[in-house]
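In case you want the letters, here they are:
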Amino acid sequence: MNNNIPLRALQVFESCARLESCSLAANELCITQSAVSQQIKLLEDYFLEKLFHRNAGKITLTESGLELRQRLAPVFYDLNSVCASLVPDMSNEVRVHSYNSLAARWLVPKMAEFRKQHPEFNINVGMFQDDVEMSDMLADIFIITREIQDGYTIIPLVEEKLVAYCSPEYLDKHPNVSLETFHEQTLLYSKHKDYGVDWEGWFRVNKVGVGPLQRKSIYNHNMLAVQAAIFGQGIVLGLEQTLQVEVDSGNLIKLDLPHCYTGWTYSIAYKSSRKRDARIMKIVDWIIKEYATTTTDN
């Protein structure tokens, strides 16, 4: 016996032993019956043992063949389990993952309409805070800011544009929000791992000076800053698509103030090898259309 394990021959043997037929194994594996015989002979030469009795076109396992089958059974079971965990099955569940704010304030509200249009799909919505290494183990579709990853098709959706918002209650107390009255306002800062503190970037892009006595509250995530704005605690910067749901609900008002682009682009991504998967492409096309509609409406 040599050290080059004949993995293909083991797969053929397992199929023959399970189906008790070389012809059925050939059909299952999409190879010829002659190829099956060649692989079995290769395996018998490898082990220096006869694995099958052949009689009038029928095959039965020898003692050595029976022992090999018993030992291979748990191995092939484990292999199938590993493959199932790495490659999603072809059920109608599709996993769509995105950044926290987009998932909570854009994907989730939009899912109700999608389910009306496509009740046959089960959508699994997930979220992450930092950019992730995309994988089938995590999701089928991602909304990310990454520009490239091997094996993935990445389609730009929208540039990140930060716009100022506040609650109706805050605006009632501060009816004249403008650049001239900015020193009187409370700004709700949030830190971003890539471009830093959002309001600092806004001041820099719009060439607006900020005084040392500017009132502000600082949060480590934009979702917290937005929640503070909803409770009337100040003015927040946010992505239009993300906060439109709060505007529609009457929780926030879009202010007539300059905006700023962060330089980041949100994109939709899916594994290139799955471009023929109708489920994936239908959801990808729908998300692209919905993003375009939201941008146009704003």
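Here, every reference points to the structure presented above.
Residues numbered from 1 in each chain as written. Predicted model: local features only at pLDDT ≥ 70, side-chain atom pairs only at ≥ 80, totals over all residues. Heavy atoms only, no water.

A short note on the overall build of the protein chain
Phase 1 of the analysis: When you go through the protein chain residue by residue, the secondary structure sums to ten helices and twelve strands.
Phase 2 of the analysis: The C-alpha atoms of the protein chain give 30 Å as radius of gyration, which overshoots the globular expectation for 298 residues (19 Å, by more than 25%).
Phase 3 of the analysis: Oriented by its inertia axes, the alpha-carbon framework of the protein chain measures out at about 95 × 40 × 25 Å.
Phase 4 of the analysis: Considering the protein chain as a whole, with its 298 residues, one finds that 44% of them fall into the buried category.
Phase 5 of the analysis: When the accessible surface of the protein chain is summed, it comes to about 16,700 Å², and 53% of that surface belongs to carbon and sulfur atoms.
Phase 6 of the analysis: Across the protein chain, 30 positive and 37 negative side-chain charges occur, with their mean positions spaced 3 Å apart. (Helix = DSSP H or I, 4+ residues; strand = E, 2+ residues; numbered from the N terminus. Rg over C-alpha atoms; globule rule 2.2 N^0.38 Å. Buried < 20%, exposed > 50% of the residue type's maximum accessible area, 1.4 Å probe, protein only. Areas by Shrake-Rupley, 256 points an atom, 1.4 Å probe, with all protein chains shown as cover. Lys, Arg positive; Asp, Glu negative; His and termini not counted. Charge placed at Lys NZ, Arg CZ, Asp CG, Glu CD.)

Overview of the pattern of salt bridges
Any two side chains of opposite charge can pair, so long as their charged atoms come close to each other.
Phase 1 of the analysis: Here the structure, examined in full by the defined rule, presents 14 salt bridges.
Phase 2 of the analysis: The residue Lys 41 makes a salt bridge to Asp 45 at a minimum N-O spacing of 3.0 Å. On the criterion of helical spacing, the pair formed by Lys 41 and Asp 45 is a turn pair, its members being four residues apart in helix 3 (residues 33-47).
Phase 3 of the analysis: The residue Asp 277 makes a salt bridge to Arg 274 at a minimum N-O spacing of 3.2 Å.
Phase 4 of the analysis: Taking the relative accessible area as the measure of exposure, Asp 277 reaches 9% and is therefore buried.
Phase 5 of the analysis: Each of Arg 95, Asp 140, Arg 274, Asp 277 and Arg 279 takes part in one network of salt bridges that share partners. (Salt bridge = Lys/Arg side-chain N within 4 Å of Asp/Glu carboxyl O.)

Topic: helix 8 (residues 222-230)
Phase 1 of the analysis: Turning to helix 8, its buried residues number three or more, namely Asn 222, Ala 225, Val 226, Ala 228, Ala 229 and Ile 230.
Phase 2 of the analysis: A positive backbone phi angle near 80 degrees is found at Gly 232, which sits one or two residues after helix 8.

Section: the side chain of Ser 267
Phase 1 of the analysis: Looking at the element boundaries, Ser 267 is found in strand 12 (residues 260-271).
Phase 2 of the analysis: When near neighbours in sequence (up to four residues on either side) are disregarded, Ser 267 contacts Phe 142, Ile 143, Ile 144, Ile 154, Ile 155, Pro 156 and Leu 157. (Contact = heavy atoms within 4.5 Å.)

Section: the nonpolar core
Phase 1 of the analysis: Counting 34 residues, the largest nonpolar core has Phe 142 and Ile 287 as the members making the most contacts within it.
Phase 2 of the analysis: Elements with a contribution of two residues or more to this core: strand 3 (93-99), helix 5 (100-117), strand 4 (122-128), strand 5 (141-144), strand 6 (152-166), strand 12 and helix 10 (278-297).
Phase 3 of the analysis: For Ile 287, the residues in contact, after removing those within four places along its chain, are Val 96, Trp 106, Leu 107, Ile 143, Leu 157 and Ile 268.
Phase 4 of the analysis: Ala 17, Ala 25, Ala 26 and Leu 68 belong to the second-largest nonpolar core, a separate cluster that totals 19 residues. (Core = buried A, V, L, I, M, F, W, Y, C linked by side-chain atoms within 4.5 Å.)

Brief notes about helix 1 (residues 7-19)
Phase 1 of the analysis: Counted at 1.5 Å a residue, the expected span for helix 1 with its 13 residues is 18 Å, and the 18 Å between its end C-alpha atoms agrees.
Phase 2 of the analysis: Buried within helix 1 we find Ala 9, Leu 10, Val 12, Phe 13, Ser 15, Cys 16 and Ala 17.
Phase 3 of the analysis: Backbone geometry just downstream of helix 1 places Glu 20 in the positive-phi region, at approximately 55 degrees. (Expected span 1.5 Å × (residues − 1).)

Side note on the packing of aromatic side chains
Phase 1 of the analysis: This model, assessed by the stated rule, comprises 14 aromatic pairs.
Phase 2 of the analysis: Geometrically, the ring pair formed by Trp 106 and Tyr 291 is tilted, given 4.4 Å between the ring centres and 35 degrees between the ring planes. Here Trp 106 is found in helix 5, whereas its partner Tyr 291 is found in helix 10, with 185 residues between them in sequence.
Phase 3 of the analysis: The class for Tyr 291 is buried, based on a relative accessible area of 1%.
Phase 4 of the analysis: Arranged with centres 5.1 Å apart and planes meeting at 75 degrees, the rings of Trp 199 and Trp 202 form a pair that is edge-to-face. Of this pair, Trp 199 and Trp 202 both sit in helix 7 (residues 198-206), three residues apart, roughly one helical turn.
Phase 5 of the analysis: Overall, Trp 199 belongs to the buried group, its relative accessible area being 0%.
Phase 6 of the analysis: The structure contains a cluster of three or more aromatic residues connected by ring pairs, namely Phe 182, Trp 199, Trp 202 and Phe 203.
Phase 7 of the analysis: Residue placement shows Lys 216 over the ring face of Tyr 189; its charged tip is 5.0 Å from the ring centre. (Phe/Tyr/Trp six-rings, centres within 6.5 Å; stacked < 30°, edge-to-face > 60°. Lys NZ or Arg CZ within 6 Å of the ring centre and 35° of its normal.)

A short note on the side chain of His 221
Phase 1 of the analysis: Inspection of the secondary structure assignment puts His 221 in the loop between strand 9 (215-219) and helix 8.
Phase 2 of the analysis: Looking at His 221, the relative accessible area reads 16%, which means it is buried.
Phase 3 of the analysis: Apart from the residues within four sequence positions on either side, His 221 is in contact with Asn 100, Ser 101, Gln 129 and Ser 190.

Overview of the packing of helix 5 against helix 9 (residues 240-248)
Phase 1 of the analysis: At a minimum axis distance of 8 Å, the contact between helix 5 and helix 9 shows a crossing angle of 60 degrees. Taken together, helix 5 and helix 9 sit at an angle that is classed as oblique. Two packed elements cross with a definite hand, and for helix 5 against helix 9 that hand is left-handed. Residue-level inspection shows Ser 101, Leu 102, Arg 105, Trp 106 and Pro 109 of helix 5 in contact with helix 9, the latter providing Gln 241, Thr 242, Leu 243, Val 245 and Glu 246.
Phase 2 of the analysis: Across the contact of helix 5 with helix 9, the residue classes tally to five nonpolar, three polar and two charged. (Axes fitted to C-alpha atoms, helices over the stretch in contact; angles between N-to-C directions. Parallel < 35°, antiparallel > 145°, perpendicular 65-115°, else oblique. Left-handed = near helix turned anticlockwise from the far one by under 90°. Nonpolar A, V, L, I, M, F, W, Y, C, P; charged D, E, K, R; others polar.)

Note that every value here comes from positions in space, so none of it alone points to a role or purpose.
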